[in-house]
Amino acid sequence: MFNNNRIRIAMQKTGRLSSDSIKLLTSCGIKINLKQQKLIAFAENMPIDAMLVRDDDIPGLVMDGVVDLGIVGENVLEEERLNRISQNSEHSYVTLTRLDFGICRLSLAVPVNTTYTHINSLKNIRIATSYPHLLKKYLDKKNISFKSCMLNGSVEVAPRAGLADAICDLVSTGATLEANGLREVQVVYRSRACLISKNGDINTDKKEVINKLMTRIKGVIKARE
Ligand code: PRP
Ligand code: ZN
Ligand code: MG
C-alpha cells in the first residue's frame, strides 16, 4: 500500500499550525505537492510524505507508530500522553526539537465580573475545557477540587451559556477571551509546536533522511531568529 522507505510526517490540515508547518518544510527545500487538498501530499525531491490530519490525531499516530514524525502543539501532545497513561495505552514518543511557532498558553479564565483573588477562588466551581487531563494535573497539584465540563470547541461561550463558571482554554493573542468577556487568571501550561518522532526502530535509510531534515530545520530556525 505505502512505500515503506518514505518518511511519513503528520501535520495539521487546517488550523493554527498548518501554514507554519508547511512553510517550515518548504523552507527546508522540500517540494510538497499541495495542489489538491488531499490527506497525503508527496514531496517531489525527498522521500517524505506529509499526512494532513486533525491536530488532535497527531500524537496518537506517532505513539502508535503509524507515522514516523509529527508536527504538533505541546498542549495537544501532553494532553494525549496523559490521556493514554490514564488508559494504560502506548504513550511513548521522542521530541526531536521544539519549533519557533504555535506559541500559546493553556490558561484558566473567569468572567470579568467575577471576583477572583487567589487560585482558591476556583474551588468546587465548574470549568469548561478541551484539556481535562492537563487541567486536572495542574489543579490536583494545587489541591483544588473542581468539576469539569468537557467541550471540544466553543469553550469560551460556556460561562455565558451557563454551562460552566470558568474555562481552561488556549490563549494566544487574548482576543477570544476579550471578545467573550473573560479574564485570564492563571497559566496552566505553556506550549509551542514541536517535531516528534515515534519511539522504537527506524531503519538506517529513514534515519539518514530524518537527520538531513533535522539539520535543515535547525538551520531554518537559526536563520529566522
Ligand atoms: C484557540 C482557543 C481560542 C483561540 C484563542 O482555538 O480555543 O478559541 O485559539 O486565541 P487568541 O487568544 O489569539 O484569540 P484554536 O484556534 O486553536 O482552534 P480550536 O479551538 O478549534 O482547536
Ligand atoms: Zn484541534
Ligand atoms: Mg478555539
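For the structure given in this document, a descriptive report is provided here.

What follows concerns the overall build of the protein. For the protein, the helix and strand inventory stands at 6 helices and 11 strands. Each principal axis of the C-alpha distribution contributes one length, and for the protein these read about 60 × 35 × 30 Å. When the 225 residues of the protein are sorted by exposure, 47% land in the buried category. The contacts of the protein with a sequence gap of at least 6 include a subset with a gap of at least 24, amounting to 69%. Put simply, the protein shows about 11,800 Å² of open surface, and 47% of that area lies on carbon and sulfur atoms. Looking at the protein, you have 32 positive and 24 negative side-chain charges, and the mean spots of the two groups are 2 Å apart.

Attention now moves to the side chain of Ser-21. Within the secondary structure, Ser-21 is located in helix H1 (residues 18–27). For Ser-21, a relative accessible area of 1% gives the class buried. Here Ser-21 is in contact with Met-11, Ile-71 and Phe-101, once residues within four sequence places are set aside.

Right, let's get into the nonpolar core. Counting residues in hydrophobic clusters, the biggest one holds 32 residues, and the most contacted among them are Leu-108, Ile-119, Leu-122, Ile-127, Leu-135, Leu-139 and Cys-168. Elements represented by at least two residues in this core include exactly strand E3 (48–53), helix H2 (58–63), helix H3 (74–86), strand E6 (104–111), helix H4 (132–141), strand E9 (166–171), strand E10 (182–191) and strand E11 (193–197). The element best represented in this core is H4, accounting for 4 residues. Contacts of Leu-139, omitting those with residues within four sequence positions, involve Leu-108, Ile-119, Leu-122, Ile-127, Ile-144 and Phe-146. Residues Ala-41, Leu-69, Ile-202 and Met-214 belong to the second largest nonpolar core, which totals 30 residues.

Attention now goes to the sheet that holds E10. Consider a sheet: its strands pair through backbone hydrogen bonds, and that pairing is either parallel or antiparallel. As summarised here, the arrangement of the 5 strands in space is E8-E7-E9-E6-E10, forming an open sheet in which the pairing is mixed. Here the strands that pair on one side only, and so sit at the sheet edges, are strand E8 (147–150) and E10. When strand polarity is set aside, the average angle formed by the axes of neighbouring strands in this sheet is 30 degrees. Bridge count between strand E7 (residues 126–129) and E9: 3 bridges; the pairing is parallel.

Cut-offs and rules
- Residues numbered from 1 in each chain as written.
- Chains lettered and ligands numbered in written order.
- Predicted model: local features only at pLDDT ≥ 70, side-chain atom pairs only at ≥ 80, totals over all residues.
- Heavy atoms only, no water.
- Helix = DSSP H or I, 4+ residues; strand = E, 2+ residues; numbered from the N terminus.
- Buried < 20%, exposed > 50% of the residue type's maximum accessible area, 1.4 Å probe, protein only.
- Contact = heavy atoms within 4.5 Å.
- Areas by Shrake-Rupley, 256 points an atom, 1.4 Å probe, with all protein chains shown as cover.
- Lys, Arg positive; Asp, Glu negative; His and termini not counted.
- Charge placed at Lys NZ, Arg CZ, Asp CG, Glu CD.
- Core = buried A, V, L, I, M, F, W, Y, C linked by side-chain atoms within 4.5 Å.
- Pairing = 2+ DSSP bridges.
- Axes fitted to C-alpha atoms, helices over the stretch in contact; angles between N-to-C directions.

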